[in-house]
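Below, each chain spelled out in residue letters.
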Amino acid sequence: MSSVSQLALLFVGAALINNILLTRFIGLCPFFGVSSNMETSIGMSLSVIFVMVMSSTATWVVWEFVLAPLGVGEFLYIPAFILIIASLVQFVEMYLRKASPVLYRAMGIYLPLITTNCAVLATATEAAKPGFFKMNLAITNSAGALSLGEALVYTLGVSVGFGFALVTFAALRERLELAPVSRLMKGAPIAFITAGLLSLAYVGMSGWFGL
Amino acid sequence: MDLMLILKAVGALAVIGVATSAVLAVAAKRFYVEVDPRIEAVLAALPGSNCGACGNPSCFMSAERMVAGDLAPNACVAGGQTVADAVALILGADACEAVAVVSARHCGGGDRAVRAYEYAGVRSCAAAARLAGGPLLCSAGCIGFGDCVRACPFDAMHLNERGLPVVDLEKCTGCGVCVKECPRGQISLLELVPEMAPVVVRCNARDKVKARKQGCSACCIACKKCERACPSDAIHVIDMLAVVDYDKCTGCGACVEVCPQNCIDLFGRGGDAVALDGVGHGTGDTAAQETDVAGVAGAGA
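Small disclaimer: the values here were computed from a predicted structure and weren't measured.

This brings us to the overall build of chain B. Secondary structure assignment for chain B yields 11 helices and eight strands. Counting across all 301 residues of chain B, residues that qualify as buried make up 43%. Partitioning the intrachain contacts of chain B with sequence separation of at least 6 by distance along the chain shows that 56% fall at a separation of at least 24.

As structure tokens, then:
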């Protein structure tokens, strides 16, 4: 069982130091697709947090009790995890449609897109498959195999970091809409430059705590 | 090959697949949302070209809003009366009269408009209009590169041989996309007029009559002959330009007959068996093409 400080380190390392969007550049399409407006970016972040935590739990369970005991995980983990994540997103979509039509409408096309989102697949794999991601190895010191609790904390960290970066970026882009930007740079070009600068800020954190 | 490994792999994926599909099947039942079947029906009744003239991004959105009661059944500009009736029937609302409109061009210039310079750039009205106020001397005339023709979502506009866009009133739905696309749409070179409008004035010039006569041989010269000839007081020269009051116009065609510049056309679905833009008289149509050429030759001599 890991100590509280280890868990905190796992969380901070996943959320900020190894931010999935801005230092590892995974999942960039929602980063630009949903970030033009605060409301949808918050909706997207919440549903990514929800989907990531759920899918990591599911993939962890499947790895631990199905794939690893049968010894087929090494080559079967990608199709199995995709299957699980896709069904989960379908499930979340049905649930949201029933429970919160407003959020369902706000998410629009992006909710089904989470199905094939690389960030979700990457995080679920990192949380479930031992030794897949070196940062986990450095913190947990146990051949990189995360316990279920550690996997949850790690996934929560990644998804909160995802949401944090996305919402920050959406706020910047909303401000940029009103800023006197040159006509040539308006819209996507200035957004790309902003993303680059934002990424520099995050990359500046690399190396903290030896992560 | 280890046969057991293959069996294990197949077994593992099968178990996962069956389990997830079972969960999804249960969820589909449990979280089933009743969708109003009227939305589908209204959507089927709408034209489905997503032109956006009603102010909604898509026909699906307007169908939803119509069913919710946020949007009147006659809101579909493109669909006109038929669609309004169909939607009203589905929703059980009182059928309301759709104000059907079609697009009309207020210019008869074309090859009769004098060019200020030879334009050799991109064949686009928007580009040409930006270059020193456009290639025509007339600041209100049709540039004739067909931005409206390309923009029309219903394939209802075509350039005739005189370089003017002709509206096919059978196809025109009055969505107004051409008016938005036209660089001179703001000054009503293209304008939405009532579907039953029987005549249309083919000039939109607002500068002095002398100046506009230099720029075009088909312009309104504000002679007021149409005003005097009109038996129903429907056409007036306002600010040196003939303007038709469609509430009063009966479509008798007196103004069309009397106009010395041939710049008033019979138009619209209102006239007897006149279903095309300007067939019969005036300057905008193909039938009067030969008269036009003769007129130009006469003026030159």
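On we go from here.
Further remarks concern the overall build of chain A. When helices and strands are counted, chain A shows 10 helices and zero strands. What you see in chain A, going N to C, is helices and strands ordered as α-α-α-α-α-α-α-α-α-α. Considering only contacts within chain A whose residues lie at least 6 apart along the sequence, 77% involve residues at least 24 apart.

Once that is clear, we can look at the packing of helix 3 (residues 38-70) of chain A against helix 1 (residues 3-30) of chain B. Two quantities define a packed helix pair, namely the angle between the helix axes and the distance between the axes. In contact at an axis separation of 9 Å, helix 3 of chain A and helix 1 of chain B are set at 160 degrees when each is read in the N-to-C sense. As summarised for this structure, helix 3 of chain A and helix 1 of chain B are arranged roughly antiparallel, according to the angle between their axes. In the packing of helix 3 of chain A onto helix 1 of chain B, the handedness of the crossing is right-handed. Side by side, helix 3 of chain A and helix 1 of chain B meet where V62(A), V66(A), L67(A) and L70(A) of the first sit next to K8(B), A12(B), V15(B) and I16(B) of the second.

What follows is about the confidence of the model for chain B. All names here are of chain B. Per-residue pLDDT for chain B has a mean of 79; in total, 85% of the residues score no lower than 70. Note on residues 270-276: pLDDT is under 50 here. Beyond four places in sequence and across chains, it has 16 contacts. Low pLDDT (under 50) marks residues 278-301, which in the prediction has 48 contacts with non-local residues, meaning those over four places away or in another chain. Both scores are given for the predicted complex: the pTM is 0.52, the ipTM 0.70.

Let us look at the interface of chain B and chain A. Taken residue by residue, the interface counts 15 residues in chain B and 17 residues in chain A. Its residues assigned to classes, the side of chain B that touches chain A shows 12 nonpolar, two polar and one charged.

Moving on: unusual backbone geometry. Despite not being glycine, F25(A) shows a phi value in the positive range, around 55 degrees. Tracing the backbone shows F25(A) in the loop between helix 1 (4-17) and helix 2 (28-33). Using a count of 12 C-beta atoms within 10 Å as the deciding quantity, one classes F25(A) as exposed. The phi angle at K224(B) is positive, at roughly 70 degrees, despite the residue not being glycine.

With that settled, consider helix 3 (residues 59-68) of chain B. Residue and element names in this part refer to chain B. When we look at burial in helix 3, the residues that qualify are C59, S62, A63, M66 and V67. One side of helix 3 holds all its buried residues, which, seen down the axis, span an arc of 135 degrees. Residues of helix 3 that are buried sit in contact with helix 2 (37-45) and helix 4 (80-91). Residue G69 follows helix 3 closely and has a positive phi angle near 90 degrees.

The next thing to look at is the nonpolar core. Residue and element names in this part refer to chain B. Membership of the largest hydrophobic core comes to 77 residues, with the highest contact counts inside it found for V199, C220, C255 and I264. When residues of this core are sorted by domain, at least three fall in each of domain 1 (37-91) and domain 2 (101-300). Ignoring anything within four residues of it in the chain, the contact list for C255 reads V199, C226, A229, C230, I235 and I264.

Here we come to the packing of helix 3 of chain A against helix 4 (residues 73-99) of chain A. Residues and elements named next belong to chain A. Orientation of helix 3 relative to helix 4, taken along the N-to-C sense of each, is 140 degrees, at an axis distance of 9 Å. Between helix 3 and helix 4, the interaxial angle falls into the category oblique. The way helix 3 lies across helix 4 gives a crossing that is right-handed. Of the residues in helix 4, those touching helix 3 at S47, F50, V51, M54, S55, A58, T59, V62, W63, L67 and A68 are G73, L76, Y77, A80, F81, I84, I85, L88, V89 and V92. Classifying every residue of the contact of helix 3 with helix 4 gives 17 nonpolar, four polar and no charged.

Another aspect to go through is the pairing of strand 6 (residues 235-238) of chain B. Residues and elements named next belong to chain B. Here strand 6 pairs with strand 7 (residues 241-244) via four bridges, running antiparallel. Of the residues in strand 7, the one forming a bridge with H236 is V243. Between strand 6 and strand 7, which pair antiparallel and follow one another directly, the connecting turn spans two residues, one of which, D239, has a positive phi of 50 degrees.

Basis of the calculations
Residues numbered from 1 in each chain as written. Chains lettered and ligands numbered in written order. Predicted model: local features only at pLDDT ≥ 70, side-chain atom pairs only at ≥ 80, totals over all residues. Helix = DSSP H or I, 4+ residues; strand = E, 2+ residues; numbered from the N terminus. Buried ≥ 20, exposed ≤ 12 C-beta atoms within 10 Å, placed from the backbone. Contact = placed C-beta atoms within 7 Å. Axes fitted to C-alpha atoms, helices over the stretch in contact; angles between N-to-C directions. Parallel < 35°, antiparallel > 145°, perpendicular 65-115°, else oblique. Left-handed = near helix turned anticlockwise from the far one by under 90°. pLDDT = per-residue confidence, 0-100. Nonpolar A, V, L, I, M, F, W, Y, C, P; charged D, E, K, R; others polar. Arc of directions from axis to C-beta. Core = buried A, V, L, I, M, F, W, Y, C linked by C-beta atoms within 7 Å. Domains from an automatic or database assignment. Pairing = 2+ DSSP bridges.

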